[in-house]
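If you want the building blocks of each chain, they are given just below.
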Amino acid sequence: MKWTARSIILATAAVAIMIYVLLMTLSKTTQEIFSLPLDPRPFSTRPPTTVPSTLATLRPLIPGKDVLLKMTEADLEKLYYEHVENIEVLCVNKIRMGKADDGGWDVCDDPGYRPEPPCVVYSFGINFDFSFDDEVSSHYKCTVHAFDPSMKMNSHRRSDLVFFYNTGLDGYDHVTEEGWILKSLPTLMTELGHNRINILKMDIELYEFASLPNIISSGVLKNVDQLLFEIHVSLVDTAKDKHAKMVKGLEIFRDLFDNGFRVFYSHRNHWCTHKSSFTGRSLIGCHEVFMVNVNRKNNLHTKHSNGSAQAYDIRRQNAGENVRSYSF
């Protein structure tokens, strides 16, 4: 068959049309998948971008406690890691506050979630590392309230914006056998005079399993913008306890989701590497989970009270012990 000039031109045109249609189809599909249409507005004025529902629904729903308790260990483990290691919302601009390794935490800096002064940060679990607290206060000009009873350090004013308290977090107010003063988040917010928290950070070594259910049931989460916490399952050795911790963890993730919180980042803490007793797989038992409250994203200018750290009293509840007050 001989190709004439006319047939070559027609064939070339047909190929060009096919390539154009293919490129347009791919472009449209890409935008639909990632839900990132072209936006002429400057990035600083754009609203937060969420992961499309078509991707979010790929993750199985978390059933009720009765169903979770009947699941096999292997199925429960699979479901737990599907939720603890995947994101639900896209944060375009994450900023690391504090150390690059253990001790630092990521903050979502997207419009609608970015802390704006006057802003308040609660930081539970310091372990003599104030790198996160110091940097988040200097970068965002937020007042930071840092808590840790395990350091045996007196409450003090660390800087103009950072206050430390020899107090810890739990699901109720009490004093431990070690003499640690532990209080619930609603109690601390009342004592400090706060009705809003821009960033709530928790690294409290298993106390999250008692503290988070209390925080959720109290209703104070509706006034929290970002929730950063570490969840631990590998600190418990027996299969029964790991099963219970994963059930409790999934219940927490389900309740946080129902309250508008979505995971924008999950970091595996490799200090907690262990082998699964159910499947033999090598797993991470501690995850730093980073969430934003999608119900709060449009409330950039919500007025709130910062309270007065200078009037915060630390009162020992031990029988026979005098009330002790610390003024910074």
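It should be noted that the structure appears before, not after, this text.
This structure is a prediction, so every number in the text was calculated from the model and none was measured.

### Re the sheet that holds strand E9 (residues 181–183)
Then step 1. If you trace the three strands from one edge of the open sheet to the other, you get E7-E9-E8, paired in mixed fashion. The open sheet has two edge strands with one neighbour each: strand E7 (168–169) and strand E8 (174–175).
Then step 2. As paired strands, E7 and E9 are joined by two bridges and run parallel to one another. Considered in E9, the bridge of Gly168 is made with Leu182.
Then step 3. Of the strands in this sheet, E7 and E9 are in contact with helix H6 (residues 185–192), which crosses E9 at around 95°.

### A short note on the sheet that holds strand E15 (residues 286–293)
Then step 1. Spatially, E5-E6-E4-E3-E10-E11-E15-E12 is the arrangement adopted by the eight strands of the open sheet, whose pairing is mixed. In the strand order of this sheet, the two ends are held by strand E5 (156–157) and strand E12 (261–268), each with one partner.
Then step 2. Of the strand pairs in this sheet, strand E3 (residues 120–124) and strand E10 (residues 197–202) are connected by four bridges, and their pairing is parallel. Along E10, the bridge assignment pairs Tyr122 with Leu200.

### Some words on the state of the cysteines
Then step 1. Evaluated as defined, the whole model comprises two disulfides.
Then step 2. There is a disulfide in this structure between Cys91 and Cys108, and the S-S distance comes to 2.3 Å. Across the disulfide from Cys91 to Cys108, rotation about the S-S bond amounts to roughly 110°, and the bridge is consequently right-handed. Placement of the pair is Cys91 in the loop between helix H4 (73–84) and strand E1 (94–97) and Cys108 in strand E2 (residues 105–108), with a sequence separation of 17 residues. Accessibility classification places Cys91 together with Cys108 in one group, the buried group.
Then step 3. With its sulfur 2.0 Å from that of its partner, Cys119 forms a disulfide with Cys142. Sign of the S-S torsion, about -100° for the bond between Cys119 and Cys142, identifies this disulfide as left-handed. With Cys119 in the loop between E2 and E3 and Cys142 in the loop between helix H5 (131–140) and strand E4 (143–147), the pair connects residues that are 23 residues apart, well separated along the chain.
Then step 4. Look at Cys119 and you get buried, because its relative accessible area is 1%.

### Concerning the environment of Ile199
Then step 1. Mapping Ile199 onto the fold places it in strand E10.
Then step 2. Residue Ile199 is classed as buried on the basis of its relative accessible area of 0%.
Then step 3. Counting along the chain gives 93 residues from Ile199 to Val292, while the straight-line C-alpha distance between them is 9.2 Å.
Then step 4. Not counting the four nearest positions on each side in its chain, Ile199 is found in contact with Val107, Pro115, Val120, Val121, Tyr122, Phe132, Val136, Gln226 and Leu228.

### Observations regarding unusual backbone geometry
Then step 1. The residue after Pro117, namely Pro118, is reached through a cis peptide bond having omega 5°.
Then step 2. Residue position: Pro118 is located in the loop between E2 and E3.
Then step 3. With a phi close to 55°, Asn127 is a non-glycine residue in the positive phi region.
Then step 4. By the element assignment, Asn127 lies in the loop between E3 and H5.
Then step 5. If you check the backbone angles, Leu206 has positive phi at about 80° while not being a glycine.

### What about the nonpolar core?
Then step 1. Core analysis: the biggest nonpolar cluster contains 44 residues, and Tyr122, Phe124, Leu185, Leu200, Met202 and Phe229 have the highest contact counts within it.
Then step 2. A total of six residues in this core trace back to one element, the largest contributor, which is helix H8 (residues 239–258).
Then step 3. If near-sequence neighbours (up to four positions away) are discounted, Phe124 is found in contact with Phe147, Leu169, Leu185, Leu188, Leu200, Lys201, Met202, Asp203 and Ile204.
Then step 4. Tyr113, Phe132, Phe290 and Val292 belong to the second largest nonpolar core, which has 22 residues in total.

Criteria and thresholds
Residues numbered from 1 in each chain as written. Predicted model: local features only at pLDDT ≥ 70, side-chain atom pairs only at ≥ 80, totals over all residues. Heavy atoms only, no water. Pairing = 2+ DSSP bridges. Helix = DSSP H or I, 4+ residues; strand = E, 2+ residues; numbered from the N terminus. Contact = heavy atoms within 4.5 Å. Axes fitted to C-alpha atoms, helices over the stretch in contact; angles between N-to-C directions. Disulfide = S-S within 2.5 Å. Buried < 20%, exposed > 50% of the residue type's maximum accessible area, 1.4 Å probe, protein only. Core = buried A, V, L, I, M, F, W, Y, C linked by side-chain atoms within 4.5 Å.

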